[in-house]
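Notes for the structure review
Given next are the chains, with one letter for each unit.
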Amino acid sequence: MSLDAIDAVDWSAIPAPTWHACDEPEGVARALRLLAVSTTYNETADAAAILANGGFICSHADMVFPAAHAATPILLDLVEHGQRPRIKDAAVELLSEALGCYPTAGNNRVSTPTAPTSRSAAP
């Protein structure tokens, strides 16, 4: 299911809010694919490192990027259905680290069916 979920996202429509190429949403898609199909420790670690250093989060800057909104359900799916324990562990670690990061400026809200971003806050 994870590969289908990755392919279902229009990664090019997700904003890349910083000047650095590391927050490229398409790179998140590539890294998620690598993580989902990794068969060795090195493949899993490489994919997780890509996600931890740009696009999903930037661990050294404590930033979470807009692509994390689309990537999080995919990582949760890998936690539940990942083919290997190390894939599940990498996904849990990425999600845990993202919880301690801050959104990039201007990207701290997402629309949901019950709360669109255009809705004003209650007084």
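Residues numbered from 1 in each chain as written. Predicted model: local features only at pLDDT ≥ 70, side-chain atom pairs only at ≥ 80, totals over all residues. Heavy atoms only, no water.

**Looking at the side chain of S38**
In this fold, S38 is placed in the loop between α2 (25–37) and α3 (41–52). For S38, a relative accessible area of 1% translates into the label buried. Within the structure, the side chain of S38 is placed 3.1 Å from the backbone oxygen of L35, a separation counted as a polar contact. Not counting the four nearest positions on each side in its chain, S38 is found in contact with E43, T44, R84 and I87. (Helix = DSSP H or I, 4+ residues; strand = E, 2+ residues; numbered from the N terminus. Buried < 20%, exposed > 50% of the residue type's maximum accessible area, 1.4 Å probe, protein only. Polar contact = N/O pair within 3.5 Å; in protein donor to acceptor, adjacent residues only side chain to side chain. Contact = heavy atoms within 4.5 Å.)

**Some points on the nonpolar core**
Of all hydrophobic cores here, the largest spans 30 residues; its most connected members are W11, L32, L35, L51, F56, L75 and L94. Elements represented by at least two residues in this core include exactly α2, α3, α4 (67–81) and α5 (85–99). The element that contributes the greatest number of residues to this core is α4, accounting for 7 residues. Other than its neighbours up to four places away in sequence, L51 contacts V28, A31, L32, L35, F56, I57 and L94. (Core = buried A, V, L, I, M, F, W, Y, C linked by side-chain atoms within 4.5 Å.)

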